[in-house]
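# Understanding the architecture of this molecule
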Amino acid sequence: MKVLLLGGTGEARELATLLTAEGVAVTSSLAGRTKDLRLPDGAVRVGGFGGVDGLTRWLRENRVDAVIDATHPFAATMTEHALQATREVGVLLLILRRPGWTAGPGDDWHWADTAADAAALLRAGCQPAAGSGAAERVFLTIGRQGLDAFADTGLRTLARCVDPPEPWPTWCTLLLDRGPYDVAGELRLLREHRIDVLVTKDSGGPQTEAKLTAARELQLPVVLIRRPAAPLGVPVVDTVGAAVSWVQAF
């Protein structure tokens, strides 16, 4: 059986290891946007396909039996391309998405549909729960795409990315770092920079969840950007084990 596995997430790497051990011919496709790639087991290709037509051609030429989309929960364009290409070729598509985060007691969470909506919430005045006045310093952990939406919030901004945006933003302090992160480190960062509000994407997963725990401990408001909805009519699983079972069912 030949499977095209889309994505460089931790779940995708784990799935590649398990399927390869099962004797499945897995090709992992990585976008290549991150400089220090963590390569999974099995065959690997790096770079885009050239849109839907390129992906459709690749599926046919390589006689793929199934595609598993294990990309980041916010990689909506790749998911849409996978949907169109698999329908054109007539192969099955499975989406693997880790569960999103859930607010706990005492959390002060505010939801936004887009980065622009999240920036609008900040401009409207997101108040710290501790009652120390209007927020003045924001910590962005949304990756490098979408940063420009926050350039005119009027807040002192710390933005954390794995790789630097191009061009380098001059309106914020940029911190280049890669998870996983721990609660102690996140608490230290928030305190050192005197952060009043955290903005992040609902990426889910434990690797970057520590910032939410730290924000809860410091009673900071959090603005979360909702993840795009999965396309209708496509099976979706939220664990690597369930994805393995789906492949084994062939």
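See the structure shown above.
Residues numbered from 1 in each chain as written. Predicted model: local features only at pLDDT ≥ 70, side-chain atom pairs only at ≥ 80, totals over all residues. Heavy atoms only, no water.

With that out of the way, let us pick up the nonpolar core. Within the largest apolar cluster, 21 residues are counted, with the highest numbers of intra-cluster contacts made by Leu122, Phe150 and Val199. Of all the elements in the fold, those that place two or more residues in this core are helix H4 (115–124), strand E7 (137–141), strand E8 (156–161), strand E10 (197–201) and strand E11 (222–225). Here the element with the most residues in this core is H4; it accounts for 4 residues. In terms of nonpolar packing, the next biggest core, distinct from the first, is built from 19 residues, Ala12, Val237, Val240 and Trp246 among them. (Core = buried A, V, L, I, M, F, W, Y, C linked by side-chain atoms within 4.5 Å. Buried < 20%, exposed > 50% of the residue type's maximum accessible area, 1.4 Å probe, protein only. Helix = DSSP H or I, 4+ residues; strand = E, 2+ residues; numbered from the N terminus.)

Turning our attention to the pairing of strand E4 (residues 66–69). Residues of E4 alternate between two faces, with Ala66 and Ile68 on one and Val67 and Asp69 on the opposite face, all of them buried. In terms of strand pairing, strand E1 (residues 2–6) meets E4 through 4 bridges, oriented parallel. In the strand pairing of E4, Leu6 is matched with Asp69. Pairing geometry for E4 and strand E5 (residues 92–96), over 4 bridges, is parallel. Bridge assignment links Val67 to a residue of E5, and that residue is Leu93. Between E4 and its parallel partner E5, the chain crosses via helix H3 (residues 76–89), and the hand of that crossover is right-handed. (Pairing = 2+ DSSP bridges. Right-handed = clockwise from strand over helix to strand, strands pointing away.)

Taken in spatial order, the 6 strands of this open sheet run E3-E2-E1-E4-E5-E12, and their pairing is parallel. Strands with a single pairing partner mark the edges of an open sheet, and in this sheet they are strand E3 (43–46) and strand E12 (236–237). Sitting on the sheet, helix H1 (residues 10–21) touches E1, strand E2 (25–30), E4 and E5, and the angle it makes with E2 is about 165 degrees. (Contact = heavy atoms within 4.5 Å. Axes fitted to C-alpha atoms, helices over the stretch in contact; angles between N-to-C directions.)

Residues Glu166 and Pro167 are joined by a peptide bond in cis, for which omega reads -5 degrees. Along the chain, the position of Pro167 falls in the loop between E8 and strand E9 (173–176). Residue Arg63 is not a glycine yet carries a positive backbone phi of 50 degrees. Assignment of secondary structure puts Arg63 in the loop between helix H2 (51–61) and E4. Residue Arg63 is classed as exposed on the basis of its relative accessible area, which comes to 68%. Notably, Arg194 is not glycine yet its phi reads approximately 50 degrees, a positive angle. By the secondary structure assignment, Arg194 is in the loop between helix H5 (183–192) and E10. Owing to a relative accessible area of 54%, Arg194 belongs among the exposed residues under this scheme.

Each packed pair of helices is defined by two parameters, the angle between the axes and the distance between the axes. With their axes 8 Å apart at the nearest point, H5 and helix H6 (residues 210–217) run at an angle of 55 degrees to one another. On the basis of their axis angle, the class for H5 and H6 is oblique. Along this stretch, H5 crosses H6, giving a crossing that reads as right-handed. Residues Val183, Glu186, Leu187, Leu190 and Arg191 of H5 pack against Ala210, Lys211, Thr213, Ala214, Ala215 and Glu217 of H6. (Parallel < 35°, antiparallel > 145°, perpendicular 65-115°, else oblique. Left-handed = near helix turned anticlockwise from the far one by under 90°.)

Moving on, we come to empty space enclosed by the protein. A water-sized probe, rolled over the atoms, reveals where empty space remains. Taken as a whole and assessed by the stated rule, the structure comprises 2 cavities of 30 Å³ or more. Lining the largest cavity are 11 residues, with Gly106, Asp107, Asp108, Arg216 and Leu220 positioned closest to its centre. With 3 residues, the single largest contributor to the lining of the largest cavity is H6. Approximately 40 Å³ is the volume found for the second largest cavity. Considering the residues around the second largest cavity, the lining is formed by Thr9, Glu11, Ala70, Thr71, Pro73, Leu96, Arg97 and Arg98. Of the residues contributing to the lining of the second largest cavity, the split by class is 3 nonpolar, 2 polar and 3 charged. (1 Å grid on protein atoms, 1.4 Å probe; cavity = no way out; pocket = protein on both sides within 12 Å on 5 of 7 lines; lining within 4 Å. Points joined across faces, edges and corners; volume = space filled by probe spheres on them. Nonpolar A, V, L, I, M, F, W, Y, C, P; charged D, E, K, R; others polar.)

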